[in-house]
Amino acid sequence: MDLIAELKRRNVFRVAIAYAVIAWLVLQVGDTLAPALRLDEWVNSLLAFFLILGFPLALFFAWAFELTPEGIRKEEDVDRSSSITQQTGKKVDRLIIVVLAIAVAYFALDKFVLTSEPTAEVAATAEAPQGQPAIRDQSIAVLPFADLSPEGDQEYFSDGIAEEILNVLVRVEDLSVASRTSSFGFKGQEALGIPMIAEKLKVRHVLEGSVRKAGDTVRITAQLIDAQTDQHLWSETYDRQLTAESIFAIQDEIAQAIVARLGFLMNEQAVKADTQNLDAYDLYLRAHKVFIERTDILGAIDLFEQTVALDPGFGRAVAGLAAAYTVAPSWGHIERDYVGLATETAQRAIEIDPQLAIAYSVLGYAAEDARDFHAAIKWYDMAIQTDPKDPTVWLWRGILFNELGFFDKAASDIERCLDLDPVYTNCMRHRARTAMYSGNEDLAIEYTEKAMLLGFGVETMLLPVYAARGNDAFVLAVVSARFREQGFVPLIDYLYRAIVEPGFDFSAEREEIEAVYRAATGEELDWSMDDEFDPLTFGVFDAVKPLFALQTWWQPYPADFHDSPHRKRVMREAGLPGFWREYGFPPQCRPVGHDDFECDRPPRRTPRANRNAVGAPN
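Everything numeric in this text was worked out from a predicted model, so none of it was measured.

(A) Inspection of the overall build of the protein at higher detail. Each helix and strand in the protein was counted, giving 25 helices and 12 strands. Look at the contacts in the protein between residues 6 or more apart in sequence, and 58% of them connect residues 24 or more apart. Carbon together with sulfur atoms contributes 55% to the accessible area of the protein, which is approximately 30,500 Å² in total.

(B) Molecular detail of the pattern of salt bridges. Overall, the coordinates contain 28 salt bridges when judged by the stated rule. Lys187 is paired through a salt bridge with Asp159; the nearest N and O atoms lie 2.3 Å apart. Linking Lys187 in the loop between α6 (180-184) and α7 (194-201) with Asp159 in helix α5 (residues 155-170), this pair joins segments that are 28 residues apart in sequence. Note on Asp159: relative accessible area 3%, which makes it buried. The residue Arg497 makes a salt bridge to Asp493 at a minimum N-O spacing of 3.7 Å. Of this pair, Arg497 and Asp493 are both found in helix α21 (residues 492-500), 4 residues apart, which corresponds to roughly one turn of the helix. For Arg497, a relative accessible area of 22% puts it in the partly exposed group.

(C) Broad picture of unusual backbone geometry. Following Tyr557, the chain continues into Pro558 via a peptide bond in cis, with omega recorded as 0 degrees. Backbone geometry at Asp230 places phi at a positive 55 degrees, although glycine is not the residue there. Looking at the secondary structure, you find Asp230 in the loop between β9 (217-226) and β10 (231-241).

(D) Looking closely at helix α12 (residues 338-352). Its 15 residues give α12 an end-to-end C-alpha distance of 21 Å, which sits within 8% of 21 Å, the value for a rise of 1.5 Å per residue. If you check which residues of α12 are buried, you get Tyr338, Ala342, Thr345, Ala346, Ala349 and Ile350. The buried residues of α12 all sit within an arc of 140 degrees when viewed along its axis, so they share a single face. Buried residues along α12 sit in contact with α10 (297-310), α11 (315-327) and α13 (357-369).

(E) Main features of the packing of aromatic side chains. This model, assessed by the stated rule, comprises 21 aromatic pairs. An aromatic cluster is defined as three or more aromatic residues linked by ring pairs; in this entry it consists of Phe407, Tyr437, Trp554, Trp580, Phe585 and Phe597. Just above the ring of Phe157 sits the side chain of Lys213; from NZ or CZ to the centre is 4.3 Å.

(F) Representation of the state of the cysteines within the structure. Evaluated as defined, the whole model comprises 2 disulfides. The partner cysteine of Cys417 in its disulfide is Cys427, sulfur to sulfur 1.8 Å. Looking along the S-S bond of the Cys417-Cys427 disulfide, the torsion reads about 65 degrees, which is the right-handed sense. Taken as a pair, Cys417 in helix α16 (residues 407-420) and Cys427 in helix α17 (residues 425-437) lie far apart in primary sequence, 10 residues in all. The same class applies to Cys417 as to Cys427, namely buried. The disulfide that involves Cys589 links it to Cys599, with 1.9 Å between the sulfurs.

(G) Main features of the side chain of Arg431. Here Arg431 is to be found in helix α17. The class of Arg431 is buried, set by a relative accessible area of 8%. A polar side-chain atom of Arg431 sits 3.0 Å from a polar atom in the side chain of Glu415. Among residues more than four places away in sequence, those in contact with Arg431 are Ala411, Ile414, Glu415, Leu418, Leu443 and Tyr447.

(H) View of the environment of Asp493. Taking the relative accessible area as the measure of exposure, Asp493 reaches 38% and is therefore partly exposed. Here the alpha-carbon distance between Asp493 and Val479, two residues 14 residues apart in the chain, equals 8.7 Å.

(I) Structural view of the pairing of β9. Where strand β8 (residues 205-214) lies against β9, 10 bridges are found, and the strand directions are antiparallel. Note that in β9 the partner of Lys213 across the bridge is Val218. Between β8 and β9, which follow one another and run antiparallel, lie 2 residues, and Gly215 among them has a positive phi close to 60 degrees. Bridging between β9 and β10 involves 10 bridges; their strand directions are antiparallel. Pairing of Gln223 across the sheet is with Ser235, part of β10.

(J) Representation of the side chain of Asp226. The topology assignment puts Asp226 in strand β9. With relative accessibility at 7%, the residue Asp226 sits in the buried group. Reaching out from Asp226, the side chain makes a polar contact with the side chain of Arg204 at a distance of 2.7 Å. When residues no more than four places from it in sequence are discounted, the contact partners of Asp226 are Arg204, His205, Gln231 and Leu233.

(K) Highlighting the nonpolar core. Membership of the largest hydrophobic core comes to 153 residues, with the highest contact counts inside it found for Phe145, Leu169, Leu207, Ile254, Phe533, Phe538 and Trp580. Among the nonpolar cores identified, the runner-up in size contains 13 residues, and Ala178, Leu201, Ala227 and Val423 belong to it.

(L) Spatial organisation of the pairing of strand β12 (residues 596-599). Residues Phe597 and Cys599 line the buried face of β12, whereas the alternating positions Asp596 and Glu598 sit on a face that is not buried. The pairing of strand β11 (residues 589-592) with β12 spans 4 bridges and is classified as antiparallel. Bridge assignment links Pro591 to a residue of β12, and that residue is Phe597. Two successive antiparallel strands, β11 and β12, enclose a turn made up of 3 residues, where Gly593 displays a positive phi of approximately 65 degrees.

Conventions adopted
- Residues numbered from 1 in each chain as written.
- Predicted model: local features only at pLDDT ≥ 70, side-chain atom pairs only at ≥ 80, totals over all residues.
- Heavy atoms only, no water.
- Helix = DSSP H or I, 4+ residues; strand = E, 2+ residues; numbered from the N terminus.
- Contact = heavy atoms within 4.5 Å.
- Areas by Shrake-Rupley, 256 points an atom, 1.4 Å probe, with all protein chains shown as cover.
- Salt bridge = Lys/Arg side-chain N within 4 Å of Asp/Glu carboxyl O.
- Buried < 20%, exposed > 50% of the residue type's maximum accessible area, 1.4 Å probe, protein only.
- Expected span 1.5 Å × (residues − 1).
- Arc of directions from axis to C-beta.
- Phe/Tyr/Trp six-rings, centres within 6.5 Å; stacked < 30°, edge-to-face > 60°.
- Lys NZ or Arg CZ within 6 Å of the ring centre and 35° of its normal.
- Disulfide = S-S within 2.5 Å.
- Polar contact = N/O pair within 3.5 Å; in protein donor to acceptor, adjacent residues only side chain to side chain.
- Pairing = 2+ DSSP bridges.
- Core = buried A, V, L, I, M, F, W, Y, C linked by side-chain atoms within 4.5 Å.

Structure follows, in structure tokens:
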């Protein structure tokens, strides 16, 4: 009892209570400030460690020392008759009361103000700036994994692992996943930091990781980050023997861990090992990377063909080969019947796995190339039904609706593409086209410039829109950069004038243009095929062909083309009137008699009568 009495006299109990209350308050404030200051989670842990370490020290000082009017002195040196421990104790009591009041106030503020329950409308989203889409808590981006292999030559493999995990997460209901196009677009930009990358991708969480492949072993490390707090929520390292089965098992384990951490239940089966041939899987990842980057289409075809030869039942590889065959002609490769090969291969892929959406898209693309628009729409519809989260299938169907003149349907599909993949620049490009065809040039410029900010170029067909607004400087900058790169410097002025001067007659210079082109390329200029020397821009209307890639019949500039018989000729050659009579005409077109039709001029801003001074868009 004497010890307890002495502890009370020396205010040790009061100091213990005061220290505990103050320490709790400090930890709560630290927990609030750390995310705002972007401090790592270990900072709060370190703070707690030092506060715990300080507790016995505070008790020791309360026992061994005493506060006197002359300052702090050892307790044994203080005369008991002049001790002021009682007054000191009352001060400590007041301190405890004040700190407790602050703690209660902070607790109320934190519970009822700072962390109040969100309304039903915003419960699943993080607060977003006015005019910006809210970021859902149930959202994630998978960044390309780093290649840590000894030779540094396994980037295709590390990218492939990340993409495979992404593809699993996409199938989780109610989980919003940034597309591959968006998230892989930040490769090499890690210096931006996870919070900024997540903000640009409009996601709350980010998965990053690394792959180290050496001999017959593989180490895969993955970590889940809450971008709002920049804190790690989960991380794991997997060391396994390198087999196809182990790779797929790791992908499944990572996906399961992520969705569990985010509060979901996997409503899908485990990752399907659709090949047991590790060499085939390795080749598939190589082929897929080359194809996605569009750096070497024939090389991608060769790799896919090798993959399928090793494992003919590898459905994704067969579908990838079909997709590579499909795009080959658009890259100038006509040495084989690629359309026929694509159709045959896509059908084989569907026989292997009916859930391969890309195979249906390939059949749609092939039908579109054959101008069987009914079949193309049917195949695209099936692709979307099979995988409604694939932005590319929405884009391809949207492009088809653009070509057929159904701009509202095109805009809806392409905007769905952008909902799934906000930085898919090709979707932005085609949304700009739809807006221009519909007469909304402001929106066309908005999407064009969004794509430019992400590194996408400007199409020649959009330049007359800028010219009509008086922005000659922009037109000149684009034309100059493009023609310098291609060795057409002497022709910069001709293309520039053809765009900014309504009624420009280039016929006197045609021979010079063709000579410069011949000297730069070693080939004759085909006005019907060259993207830079667009026959519309230069008034060579008889050379205009029904190329769906250009959709010439809906372009608002130049006006002379729409007054010529060539617009209707091109639309007939494209097979549009026959399709419309069965499917229905778009709003801007209508039948005339039994075998004729008419379409309104595309809406456009009235261009200037002559070259004005360069100015900003009005």
